[in-house]
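These are the residues of each chain, in order.
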Amino acid sequence: MNQDQQAAFRELLRTLRVWDCELPSFDPAAAPAEPLPLFQQWLREAAEAGAPEPHTMTLATADSQGRPSVRTLMLHDADVRGWHFASHRTSHKGWELATRPDAALGFYWAAVGRQVRIQGKVTAAGPEESQADLHRRSTGALAAALVGHQSEPLSSYEELVEASAAAWERAQREPDAPVPSWTLYILQADEVEFFQGDERRRHIRLRYRRHEKSWIRDLLWP
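These remarks concern the structure in this document. (Residues numbered from 1 in each chain as written. Predicted model: local features only at pLDDT ≥ 70, side-chain atom pairs only at ≥ 80, totals over all residues. Heavy atoms only, no water.)

Our next topic: helix H5 (residues 139-147). Among the residues of H5, Ala141, Leu142, Ala143, Ala145 and Val147 are the ones counted as buried. Structurally, H5 contributes buried residues whose contacts are with strand S4 (82-88), helix H4 (127-135), helix H6 (157-173) and strand S7 (182-196). Two residues or fewer after H5 comes Gly148, characterised by a positive phi angle close to 65°. (Buried < 20%, exposed > 50% of the residue type's maximum accessible area, 1.4 Å probe, protein only. Helix = DSSP H or I, 4+ residues; strand = E, 2+ residues; numbered from the N terminus. Contact = heavy atoms within 4.5 Å.)

Printed below as a string of structure tokens:
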């Protein structure tokens, strides 16, 4: 990239707007005693505000040497046990979680100027619950899981096309086809932070920290 291209890129970044809309209000004093009800409320309000794919999130993990990696994936549930997501246990994230179960999740909903950060430990559900999670999803999700080989090197795109076609056919023929490597993961949060953006940059940051069987709430400077 030459200097003119670099300058044009920097100028593009400076012209991009953030929260070019009316943002909702948030009173942290009225927040519930636990983070889960507020998270469920915020996700619902993001969906109602038109946020695209509000159930997508970033997952950050680290390998045995502490080197981080991050990717975007889908939230499958959030309940009293924690935040649920799934993948092949043989994937990159699966190997990292087996080695180092500490992880973090991030949600960002630009339509309402909100984000949620979640930190905690991840545990793997058993085979029965993991297969039930997979078979509640779409035919396409099952087909993708049947293809397998996630994170492994791919010799050519044509190989993927052939494997995907075969997997789609099997998923339609066998909607309960097992995928032994498919694993449901549950992140039990130790800390959850809710961020409400403000156009004057007086952002509200409400943090929940687990303390024994309850939660401590405090505000953070933006």
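Grouped together as the largest cluster of nonpolar side chains are 33 residues, with contacts concentrated most on Phe39, Trp83, Phe107, Trp109, Val116, Ile118 and Val192. For this core, the elements supplying multiple residues, two or more each, are helix H2 (35-48), strand S1 (56-62), S4, strand S5 (102-109), strand S6 (114-124), S7 and strand S8 (204-211). Per-element accounting of this core gives the leading share, six residues, to H2. Excluding anything up to four places from it in sequence, Val192 contacts Pro35, Trp83, Val116, Arg117, Ile118, Leu206, Arg207, Tyr208 and Trp215. (Core = buried A, V, L, I, M, F, W, Y, C linked by side-chain atoms within 4.5 Å.)

The tally for this structure, following the rule as stated, stands at 14 salt bridges. Lys121 is paired through a salt bridge with Asp102; the nearest N and O atoms lie 2.8 Å apart. A residue pair is termed long-range when its members are at least 10 positions apart, and Lys121 in strand S6 and Asp102 in strand S5 qualify at 19 residues. Put simply, Arg117 and Glu193 hold a salt bridge, and the shortest N to O gap is 2.6 Å. Of this pair, Arg117 sits in strand S6 while Glu193 sits in strand S7; the two residues are 76 residues apart in sequence, bridging distant segments of the chain. By relative accessible area, which is 4% here, Glu193 ends up buried. Each of the salt bridges in this network shares a partner with another, and the network as a whole consists of Glu169, Arg170, Arg173 and Glu174. (Salt bridge = Lys/Arg side-chain N within 4 Å of Asp/Glu carboxyl O.)

For the coordinates displayed, the defined rule picks out ten aromatic pairs. Ring geometry for Trp19 against Phe195: centres 6.3 Å apart, planes inclined by 45°, an arrangement best described as tilted. Here Trp19 is found in the loop between helix H1 (3-15) and H2, whereas its partner Phe195 is found in strand S7, with 176 residues between them in sequence. Summarising the aromatic geometry, the rings of Trp42 and Phe194 are spaced 5.2 Å apart at their centres and angled 85° between planes, so their arrangement reads as edge-to-face. In this pair, Trp42 sits in helix H2 while Phe194 sits in strand S7, placing the two residues 152 residues apart along the sequence. Look at Trp42 and you get buried, because its relative accessible area is 1%. Judged by its relative accessible area of 0%, Phe194 falls in the buried class. (Phe/Tyr/Trp six-rings, centres within 6.5 Å; stacked < 30°, edge-to-face > 60°.)

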